Amino acid sequence: MSPRVDIYDVTLRDGAQGPGIKFSAEDQIRIVRKLDAFGVHYIEGGQPGSNPKAADLFSRIRDLRLQQAKITAFGSTRHPKSAIEDDPNIKALIEAGTEVVTIFAKTSPRHVTGVLRTSLDHNLQIIDESVAYLRSQGRRVFVDAEHFFDGYAEDSSYALSALECAATAGAEVLILCDTNGGRLPHEIEAATRAVRARLPEVDIGIHAHNDSGCAVANTLAAVSAGAVQVQGTINGYGERTGNANLSTIVPNLQLKMGIPVVSPEQLARVTHLSHLVAELANMAPRDSDPYVGRDSFTHKAGMHADAVRKSKVTYEHIDPTLVGNWTRITVSEMSGRASLLHKASELGVELDGDNAETRRILAHVKELENQGYEFEGADASLELLMRRVKGEHRSFFKLDGFHVTVIQQPSAPSAVSVATILLTLPDGTTKHTVAEGNGPVDALNSALRKALEHTYPELRDVHLEDYKVRIIDAKSATRAKTRVLLGSSDLENSWSTVGVSENILSASYEALVDSIEFKLLRTRGH
Ligand SMILES: [Zn+2]
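Residues numbered from 1 in each chain as written. Predicted model: local features only at pLDDT ≥ 70, side-chain atom pairs only at ≥ 80, totals over all residues. Heavy atoms only, no water.

Undergrad: Break down the coordination of the zinc ion for me, citing the residues and quoting the values.
TA: Taken together, the protein donors to the zinc ion comprise Asp14 (OD), His207 (NE2) and His209 (NE2), at separations of 2.0 to 2.2 Å. If you list the donors of the zinc ion from N- to C-terminus, the spacing comes out as D-x192-H-x1-H. Pair noted here: Asp14 is in the loop between β1 (6-9) and α1 (25-38) and His207 is in strand β7 (residues 203-208), with a separation of 193 residues, a long-range link. Residue Asp14 is classed as buried on the basis of its relative accessible area of 4%. (Donors = N, O, S within 2.8 Å, 3.2 Å for Na, K, Ca; no water. Helix = DSSP H or I, 4+ residues; strand = E, 2+ residues; numbered from the N terminus. Buried < 20%, exposed > 50% of the residue type's maximum accessible area, 1.4 Å probe, protein only.)

Undergrad: For the pattern of salt bridges, give the residues involved together with the corresponding values.
TA: Per the counting criterion, the structure on display carries 33 salt bridges. Taking the shortest distance from any N to any O, the salt bridge between Asp289 and Arg286 comes out at 2.9 Å. Relative accessible area serves as the criterion here: at 9%, Asp289 is assigned to the buried category. With its nearest N and O atoms 3.3 Å apart, the salt bridge here joins Asp466 to Lys468. As far as burial versus exposure is concerned, Asp466 and Lys468 are alike and both buried. Connected through shared salt-bridge partners, Glu357, Glu383, Arg387, Lys390, Glu392 and Arg522 make up one network. (Salt bridge = Lys/Arg side-chain N within 4 Å of Asp/Glu carboxyl O.)

Undergrad: I'd like a rundown of the packing of helix α17 (residues 440-452) against helix α18 (residues 504-524), residues and numbers included.
TA: Each pair of packed helices gets described by two things: the angle between the helix axes and the distance between those axes. Orientation of α17 relative to α18, taken along the N-to-C sense of each, is 40°, at an axis distance of 10 Å. As for the relative orientation of α17 and α18, their crossing is right-handed in sense. Together, Pro440, Val441, Leu444, Asn445, Leu448, Arg449 and Leu452 of α17 and Leu505, Ser508, Tyr509, Leu512, Val513 and Ile516 of α18 make up the contact between the two elements. Tallied by class, the residues present in the contact of α17 with α18 amount to 10 nonpolar, two polar and one charged. (Axes fitted to C-alpha atoms, helices over the stretch in contact; angles between N-to-C directions. Left-handed = near helix turned anticlockwise from the far one by under 90°. Contact = heavy atoms within 4.5 Å. Nonpolar A, V, L, I, M, F, W, Y, C, P; charged D, E, K, R; others polar.)

Undergrad: Outline helix α15 (residues 356-371), listing residues and values.
TA: The end-to-end C-alpha separation of α15 is 23 Å, in line with the 22 Å expected for 16 residues at 1.5 Å each. All buried positions along α15 are accounted for by Thr358, Ile361, Leu362, Val365 and Leu368. Around the axis of α15, the buried residues are gathered within 130° of arc, so they sit on the same side. (Expected span 1.5 Å × (residues − 1). Arc of directions from axis to C-beta.)

Undergrad: Got a sec to walk through the packing of helix α9 (residues 215-224) against helix α10 (residues 246-256)? Specific residues and values, please.
TA: Look at α9 against α10: their axes get within 10 Å of each other, and the N-to-C directions meet at 35°. Between α9 and α10 the crossing geometry is right-handed. Facing Val216, Thr219, Leu220 and Val223 of α9, the residues of α10 in contact are Thr248, Ile249, Asn252 and Leu253. Its residues placed into classes, the contact of α9 with α10 shows five nonpolar, three polar and no charged.

Undergrad: With reference to specific residues and values, describe the sheet that holds strand β6 (residues 173-178).
TA: A barrel is described by the order of its strands in space; here eight strands give the closed sequence β1-β2-β3-β4-β5-β6-β7-β8, paired in parallel fashion. Going from strand to strand, the sheet's axes swing by 25° on average, the running direction of each strand aside. As judged from the seven bridges shared by strand β4 (residues 100-106) and strand β5 (residues 140-146), these two strands associate in the parallel manner. Among the inter-strand pairings, Thr102 is bridged to a residue of β5, identified as Phe142. Packed onto the sheet, helix α3 (residues 88-95) meets β3 (70-76) and β4 and runs at close to 175° relative to β3. Where helix α5 (residues 120-136) meets the sheet, its contacts fall on β4 and β5, and the angle it forms with β4 comes to roughly 175°. (Pairing = 2+ DSSP bridges.)

Quick look at the structure:
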């Protein structure tokens, strides 16, 4: 078995190409931090040559102090017609300033002649020059062999010589890509073994897409054939049917194949990581996902559940706590306790295992979850909830009412939003403010700030970074509800809050108030 496997995350590039997925600059930073804490070895920051947003990300990432993850820049081999020093893509890769760059190269003759429109020999020369040049600029170079498995089936000798050419020029890892995602495990395993035999000195990686439903299986097949780098995305996000799902692969490598990829503590974060990335991607977490899904260790009450309670090994393939998940027995008040306690200690809230207070909090959380709240991505709201139940919370203001008007005149280019808010401060003073905004939520936020900033000047440091809305079908209600997830930050911290209501403004107001109260609790105590 392989002595080690490195994880190379492509959530920010391949994952962001998934239908309906868009990460804000703030989301990207949050994901980078979480991936680093999870123990990922490489994080692909994106393609600096493709747009200014990607280039900007690299400069922001440079200031992050990551524990172990290395950020990589992604691009292609030089253009067939440009000189290497003048190639804009190669230049952008170097300007990104990363220690590692990953370039994709063509290894399938059909793609070389049909898409790149150059000769097979010229393609080899392009690969050689691109790798050698990046090496000469002091970069470690990984080469993604695009459409490798299709190319190998078409002309194995050419596909292998393209790899050999990259290795000879100094590539450190050759990543075999199933770009169209149509290959099956036995094909992946055979081709990977052939590469291993031909190029025993260089590291091999695997990058699988899921079009045949085998991306995870294909990845594991490549690892058993000698691949030591695994590329994939959290939750398998990616275009079409997605990429290899790291949330499944990492537990499989570690718990089933005995390859230590991350520490046991880090592995126990995979469920949280999966849900957080889902929340930021504005996707509902998939309950049936292996290891991390809400239902992966759920048992229906009755004999089966009773057996699970007596001896977990009878009905569960692993101990769910190893991946930060837990056994749920439906219709049992036990569900969720372990995670709540875990979360509480993470947030610095003291909670006992089994007392009336913990049970009250648990019941409250469950009730809110039924109404459509989701706390995985809203730590600050969860902390406030716990503190409110524990009596460790004071009120900094009381809402007496708000009113928002949106005026759209036929001739005006955009609507004008105005919010009015009335509230009472603890000393009894009432505040009545009016503010305009860039949309109704912004107007409401401005009116609220205007009312509070005089008394609580530290709120001037708080910025809203992110605002996400999802329409949810709450299980206990017949009417659709809106969930708002709000990201805030000040000079040192960032935090997230949640609000749920049938009305988008009420949901937003709730998330705004939690954000403000969280900040005030931090600066003024309870
Ligand atoms: Zn891909």
